[in-house]
Amino acid sequence: WVAASFTKQQFPLVRLSSDSAAPRTPHFDVIVIGGGHAGTEAATAAARCGSRTLLLTHRVDTIGQMSCNPSFGGIGKGHLMREVDALDGLCSRICDQSGVHYKVLNRRKGPAVWGLRAQIDRKLYKQNMQKEILNTPLLTVQEGAVEDLILTEPEPEHTGKCRVSGVVLVDGSTVYAESVILTTGTFLRGMIVIGLEMHPAGRLGDQPSIGLAQTLEKLGFVVGRLKTGTPPRIAKDSINFSILNKQTPDNPSVPFSFTNETVWIKPEDQLPCYLTYTNPRVDEIVLNNLHLNSHVKETTRGPRYCPSIESKVLRFPNRLHQVWLEPEGMDSDLIYPQGLSMTLPTELQEKMITCIRGLEKAKVIQPGYGVQYDYLDPRQITPSLETHLVQRLFFAGQINGTTGYEEAAAQGVIAGINASLRVSRKPPFVVSRTEGYIGVLIDDLTTLGTSEPYRMFTSRVEFRLSLRPDNADIRLTLRGYKDAGCVSQQRYEGACWMKSSLEEGISVLKSIEFSSSKWKNLIPEVSISTSRSLPVRALDVLKYEEVDMDSLAKAVPEPLKKYTKCRELAERLKIEATYESVLFHQLQEIKGVQQDEALQLPKDIDYLTIRDVSLSHEVREKLHFSRPQTIGAASRIPGVTPAAIINLLRFVKTTQ
Ligand code: FAD
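Residues numbered from 1 in each chain as written. Predicted model: local features only at pLDDT ≥ 70, side-chain atom pairs only at ≥ 80, totals over all residues.

Draft legend 1. View of the pairing of strand β5 (residues 115-120). Across the six residues of β5, five count as buried, placing the element largely inside the fold. The sheet contact formed by strand β3 (residues 71-73) and β5 spans three bridges and is antiparallel. The residue of β5 that forms the bridge with Ser71 is Gln119. Summarising the sheet, strand β4 (residues 99-105) and β5 pair through six bridges and their orientation is antiparallel. Pairing of Leu105 across the sheet is with Gly115, part of β5. (Buried ≥ 20, exposed ≤ 12 C-beta atoms within 10 Å, placed from the backbone. Helix = DSSP H or I, 4+ residues; strand = E, 2+ residues; numbered from the N terminus. Pairing = 2+ DSSP bridges.)

Draft legend 2. Here's a closer look at the environment of Pro557. With respect to the helices and strands, the residue Pro557 is situated in helix α16 (residues 557-560). For Pro557 and Gly449, which are 108 residues apart along the polypeptide, the C-alpha to C-alpha distance reads 54 Å.

Draft legend 3. Here's a closer look at helix α6 (residues 280-288). Every buried residue of α6 is accounted for by Val282, Asp283 and Val286. When α6 is viewed along its axis, its buried side chains cluster within an angular range of 100° and face the same direction. For α6, the exposed residues set more than 90 degrees away from the buried face come down to Pro280 and Asn288. Looking at the buried positions of α6, the neighbouring elements they touch are α7 (309-315) and α8 (346-353). (Arc of directions from axis to C-beta. Contact = placed C-beta atoms within 7 Å.)

Draft legend 4. Inspection of the site of the ligand at higher detail. Neighbouring the ligand are 38 residues, the closest being Gly34, Gly36, Gly185, Cys306 and Gly397. Of all the secondary structure elements, the ones that give two or more residues to the shell around the ligand are α1 (37-48), β2 (53-57), β12 (223-230) and α9 (405-423). Split into classes, the residues belonging to the shell around the ligand amount to twelve nonpolar, 24 polar and two charged. (Near = placed C-beta within 6 Å. Nonpolar A, V, L, I, M, F, W, Y, C, P; charged D, E, K, R; others polar.)

Draft legend 5. Region of interest: unusual backbone geometry. Geometrically, the link from Asn251 to Pro252 is a cis peptide bond, its omega value of 5° lying close to zero. Geometrically, the link from Glu558 to Pro559 is a cis peptide bond, its omega value of 10° lying close to zero. Within the secondary structure, Pro559 is located in helix α16. Its identity as a non-glycine residue notwithstanding, Asp88 has a phi of 70°, on the positive side. Within the fold, Asp88 resides in the loop between α2 (77-86) and α3 (91-96). On the basis of neighbour count, Asp88 is assigned to the buried category, with 26 C-beta atoms found within 10 Å. Positive phi is not limited to glycine here, since Arg392 has a value of about 65°. Here Arg392 shows up in the loop between β20 (390-391) and β21 (393-395).

Draft legend 6. Examining the sheet that holds strand β10 (residues 191-194) more closely. Overall, antiparallel pairing links the four strands, which are arranged β11-β10-β19-β12 in an open sheet. This sheet does not close on itself; its edge strands, each paired only once, are β11 (197-200) and β12. On average, adjacent strands in this sheet sit at an angle of 25° to one another, irrespective of strand direction. Examined bridge by bridge, β12 and strand β19 (residues 369-376) share eight bridges and lie antiparallel to one another. Bridge pairing links Leu226 to Tyr373 in β19. (Axes fitted to C-alpha atoms, helices over the stretch in contact; angles between N-to-C directions.)

Right, here's the structure in full:
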């Protein structure tokens, strides 16, 4: 089990961090490999938890690079960003310093499924992220390509499993650590594709990771292959915006971070987006040139959730597809055509683009391309993101089969926390499906696995009405502070204040009761429909669309006026009122699910041989592979039948 490259060679450490407390010996608590969206969150989370952390990445100047779209958030993804922020993660705060067009999606639906989204200035995001990373206490940053892992004998209490204890760089030097997190994105055996040309690369201009991919395979990890792609970038001054539909940003902007009341660039200074559509000529170019396109074929159409224009034409022929023209930054000369990801040969890319309305004279500055890469079957990791196979080795981000910056960031923060907790031998920090979108994401990955890039959607979440973007701090900040130690004192106190103010506000709103006729006099613009004899609570009046805390406080200044002083509190009380009755039932359901979730399956159970529980061979194999930690997780594995779950439940209860 010990890697051949296990040496005691000194590591030539170049310290780029400002931290003066980090030691000068090459031994860290946590090493994070990769400076993408998972890696930056993982490294800073581990450091916030008190671990001496090393971030090892190919190039410092690509830390925080947005490989594809110049935007963050969206439906489901905005929830993840709020949850990362609630755990004191970076991406939401950095976005608020770099956003150039804010828009809340799904506004017509309830606030539970609003999608906070913004166009982000790529250059600013990278600059702000690098500044933050290089100024994080306890975090050291080092350039280098990791080729191999150093493995040692298992810890006594976990016989049979080897343990990671460091990494080997491409120059043969070594660094040691208690825990290692891999966040290598699309780099494992990455291969870039344009037309029929293919060449090895992690993304355009970046070398792939071959040695590390081979190490993981040699260790016995189950590896799969996924593909994704990115659109060409177009010169801004070659587009005729005047004939296209213009979309202006929201005013006011809704910030991503709980710590921000407003965003860096004022709404009136933000940039517009424009909408255009494909047409039958686009379909024709795609269909006539499939033989020149090795990334997308009739049979292998690529990812479902960030599909290329070729896949869309093949899946939905004869339709007009939306193309959003999005700014790449405040002073960028480039436009990102969202919806036009493609891998046609370069000359055909411009031909296709110039048949689209508004793009007749468009100049392609950088061609679109596809990338194919190795990912690791995420059923090989636990809900704390540690691998089953190698102790103290964690995976986070696109390496686990997900797509998107937000999905990567969410896993990064959880891996960083857990790698650090593992060092201090504390229990893992796991977010359940009832607590957050992060919990749903990780539970889906670790129990169901994925065969195509996994993206977060609100429809994947059972308890949508409780897991809202507005209350992510109440759900996670308090736990993040107490159970993980990854949240600052200031943020914790802010969340505590908000929680108690909401509880107090709701109880005050419940206690104010008048007859419907008295309410009619106080707030004439709303007609309250209830039996005349029954008193109506202020909380029920606040549920009406036309009523907000301001109008309610005008009608009943005492004691309500004080709840209008903080805008966020007033808006959150309105949301709580809107969902009050449905939430009551949902909370009962959540309690039921949490009871199941709490039932832990024994860690050392050998499903293949155990005789005390009756299970089919197929179920045994599935449980053996996925190693669910709870009855709830076991029940979500496809093919694990309700009968098997009942047998497992009986078994767990008798052994407890
Ligand atoms: P990355 O952001 O890729 O970061 C990986 C990091 O690891 C890099 O810093 C790299 O230098 C470093 N690294 C890798 N190997 C090593 C090593 N051996 N040693 C040291 N450092 C190493 N997402 C969408 O949501 N929609 C899309 O349409 C979409 N299209 C994409 C198209 C392309 C071409 C690419 C490349 C990505 C696309 N993505 C898309 C995905 C999005 O960019 C990723 O989901 C996100 O960046 C993943 O974050 P990550 O941290 O896991 O990996």
